[in-house]
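# Per-entry structural report
This is what each chain is made of:
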Amino acid sequence: MARNAAVGTALVASLTKAAASPDMTDPDIVVLRQKVHGMPPASYGAKLRDRLPDHGVVVATTPTEERDLIERARVVTGIDFDAEWLDAARNLELFACTYAGTGHLDVDAFADAGVAVTNAAGVHGPNISEYVIGALVAHERQFRQAWENQERNRWQAYPVRELHGSTAAVVGLGAIGEALVERLDAFGVETVGVRYTPEKGGPTDEVVGFDEVHRALARADYVILACPLTDTTRGLIDADALASMRTDALLVNVARGPVVDTDDLVTALRDDDIRAATLDVTDPEPLPADHPLWSFENVQITPHNAGNTPKYYDRLADILATNIRRIEETGETEGLENQVG
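Residues numbered from 1 in each chain as written. Predicted model: local features only at pLDDT ≥ 70, side-chain atom pairs only at ≥ 80, totals over all residues. Heavy atoms only, no water.

### With respect to the pattern of salt bridges
Pairing is possible between side chains of opposite charge, provided their charged atoms come close. For clarity, the threshold we go by: Any Lys or Arg side-chain nitrogen found within 4 Å of a carboxyl oxygen on Asp or Glu counts as a salt bridge. In DSSP terms, a helix is any run of H or I states spanning at least four residues, a strand is any run of E spanning at least two, and both are numbered starting from the N terminus. In this scheme, a residue with accessible area under 20% of its type's maximum is buried, one over 50% is exposed, and one in between is partly exposed, where area comes from a 1.4 Å probe on protein chains only.
Scanning all chains against the criterion turns up 16 salt bridges. Close ionic contact of Glu93 with Arg74 constitutes a salt bridge, the shortest N to O distance being 2.6 Å. With Glu93 in the loop between strand S3 (75–78) and strand S4 (94–97) and Arg74 in the loop between helix H3 (63–72) and S3, this residue pair connects regions lying 19 residues apart in the sequence. By relative accessible area, which is 19% here, Arg74 ends up buried.

Encoded structure:
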C-alpha cells in the first residue's frame, strides 16, 4: 500500500506539473501503436485529450518512439506490454490494457514492479449483447430463409419462433453477461446464469455454479457463452455437454473459441443433436476455408467481430479518464476501475 501511495503521489505531482507546463519532456499518457478492431490509435488519443485537456497525451507512431515514450511515461495504454520493458520504464505507474482479457500479460511482473494494471471490462457490454440478441432474432425469425427467398424472387411463407417465453442459459455473468441478461429480460426470456460464485447471485432469474452447468444446459432453448477462457471453461461445451442440451437448442459463442470442443460440435450438428449455432469465435481461429463448420446451413459464423463498435475508444477513454482523476484525488493507484490483481 505504501508503494502504491508513493507512486500515486508521484503521478499527481506529474499531472499537476503537466497542467502548468504542457510542453514538459515526460508525457503523462502514452498510447501504444496497437490497433483495436482496425481503428487507429490516434483516434483513442483524441478521445483521451477531449476528456483530459490538461494532460499530455502522446500517441506513439514508430517502434523507436514507442520504446522511448514507455521509458518516460507514467501511464501507458494499449493491448500488449512486454514484461521485459518494465526495467526501463522507470516512471511507469499504470498500464491500462485496451482488452477486457489480460491473460496475455504478465500481471505478476507488473505487481512486482509496483505498476497497477487495469483492463477494458465493460466496454463490450452493449455491442456484444446486441450481437447475441440479433443472432437469436435472426434464427427465430428465419432471416436467412427470408434472404434466400428474396434472392430467388420467391413469395413464400415459412415457420418462425418467438423469443418470448423461452429460457436462456448464460454462462458467464461479467459485464457482457449482465448487459445481455438485461436485454433478454426485455424480450420476456427467462434466464439461468452460470458463474464461479453462485452465492453472489446475479441479474438472472436463477444462478448456478459450474458444478450444475448440465442442469442449466438441459433447460435452455439458448445456451450463450460469455465467459473468460480458464481451466474450468476450456472445452466446457464438449460431447457430454452437447448431449445435455436440448435437440432444439441454439448455441451462441461470444466467449473464446476453445470454450467449445470444435470436433464435438461438428459431430453434434451432423447428428442433429442441437438445432443451430452462432459462432463469433472458433477454434481454430481464423477458421480455415475448408473447415466443415462452414458447410452447415444452420451455423452462422462471424470473424470475432461481435466486439466491434465505433464506441470502443469512447468507453476506453472514459475508464482511463476516471482512473486518472481518482489517482489525482486519492494519491494512490489502488481501487481503480477495472483494476486487475
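### Here's the deal with the confidence of the model for the protein chain
Threshold: Per residue, pLDDT captures the predictor's confidence, and it can take any value from 0 to 100. Contacts: residue pairs with any heavy atoms within 4.5 Å of one another.
On average, residues of the protein chain carry a pLDDT of 93, and 93% of them reach 70 or more. The secondary-structure element of the protein chain with the lowest mean pLDDT is helix H1 (residues 2–20), recorded at 48, while strand S9 (residues 222–225) shows the highest, at 99. Here residues 16–24 scores under 50 on pLDDT; set against residues more than four positions off or in separate chains, the count is six contacts.

### Description of unusual backbone geometry
A negative phi angle characterises most non-glycine residues, just as the trans form characterises most peptide bonds. For the peptide bond that leads from Asp283 to Pro284, omega is 10°, which places it in the cis range. Structurally, the position occupied by Pro284 is in the loop between strand S11 (276–279) and strand S12 (299–301). The omega torsion across Glu285 and Pro286 is 0°, close enough to zero to call that bond cis. Tracing the chain through its elements places Pro286 in the loop between S11 and S12. One non-glycine residue, His37, lies in the positive phi region at around 50°. With respect to the helices and strands, the residue His37 is situated in the loop between strand S1 (29–31) and helix H2 (41–51). Relative accessible area serves as the criterion here: at 31%, His37 is assigned to the partly exposed category. Even without being a glycine, Asn153 presents a positive backbone phi close to 55°. Counting through the fold element by element, Asn153 comes out in the loop between helix H6 (143–151) and strand S6 (167–171). Asn153 gets classed as exposed once you look at its relative accessible area, which sits at 73%.

### Comments concerning the nonpolar core
Here is the rule: Only buried Ala, Val, Leu, Ile, Met, Phe, Trp, Tyr and Cys residues count toward a nonpolar core, and they belong to the same one when joined by side-chain atoms within 4.5 Å.
If you look at the biggest cluster of nonpolar residues, it comprises 35 residues, and the most contacted ones within it are Leu225, Ile237, Met245, Leu251, Leu265 and Leu293. What Leu251 contacts, discounting residues up to four positions off in sequence, is Val223, Leu225, Ile237, Met245, Val260, Leu265, Ile274, Ala276, Ala277 and Thr278. Counting residues in hydrophobic clusters, the runner-up holds 26 residues, among them Met39, Ile79, Ala96 and Ala317.

### Examining H2
We count it as follows: Summarising the geometry, the arc corresponds to the directions from the helix axis toward the C-beta atoms.
Within H2, burial applies to Pro41, Tyr44, Gly45 and Leu48. Here the buried residues of H2 occupy an arc of 100° about the axis, which is enough to place them on one side. Of the surrounding elements, those touching the buried residues of H2 are S1, strand S2 (57–59), S3 and helix H11 (312–330).

### A closer look at the packing of H2 against H11
Quick note on the threshold: For helices, the fitted line uses only the C-alpha atoms of the stretch in contact; every axis is such a line through C-alpha atoms, and the angle between N-to-C directions lies from 0 to 180 degrees. When an angle is under 35 degrees it counts as roughly parallel; over 145 it counts as roughly antiparallel; between 65 and 115 it counts as roughly perpendicular; any other value is oblique. Here a crossing is taken to be left-handed if its near helix is turned anticlockwise relative to the far helix by less than a right angle, and right-handed if that turn runs clockwise.
Their axes nearest at 9 Å, the elements H2 and H11 cross at an angle of 45°. On the basis of their axis angle, the class for H2 and H11 is oblique. The two elements H2 and H11 meet at a crossing, and its hand is right-handed. Residue-level inspection shows Pro41, Ser43, Tyr44, Lys47, Leu48 and Arg51 of H2 in contact with H11, the latter providing Tyr313, Asp314, Leu316, Ala317, Asp318, Leu320, Ala321 and Arg325.

### Structural notes on the sheet that holds S3
Operational definition: Being paired, for any two strands, means DSSP has found at least two bridges between them.
Strand order in the open sheet made by the five strands is S2-S1-S3-S4-S5, with parallel pairing throughout. Edge strands, defined here as strands with exactly one partner in the open sheet, are S2 and strand S5 (116–118). Adjacent strand axes in the sheet meet at a mean angle of 20° when their direction is disregarded.

### Notes on the state of the cysteines
Here a disulfide denotes one covalent bond, and it connects the sulfur atoms of two cysteines. The line we're drawing: In what follows, a disulfide is any cysteine sulfur pair within 2.5 Å.
Scanning all chains against the criterion turns up zero disulfides. You can see Cys97 has no disulfide; the closest cysteine sulfur is in Cys227, sitting 19 Å from it. Judged by its relative accessible area of 2%, Cys97 is buried.

### Re the environment of Ser244
With respect to the secondary-structure elements, Ser244 resides in helix H9 (residues 239–244). Its relative accessible area of 22% is what places Ser244 among the partly exposed residues. Linking Ser244 and Leu287, residues 43 residues apart in sequence, is a C-alpha distance of 26 Å. When sequence neighbours within four positions are dropped, the list of residues in contact with Ser244 reads His214, Leu217 and Ala218.

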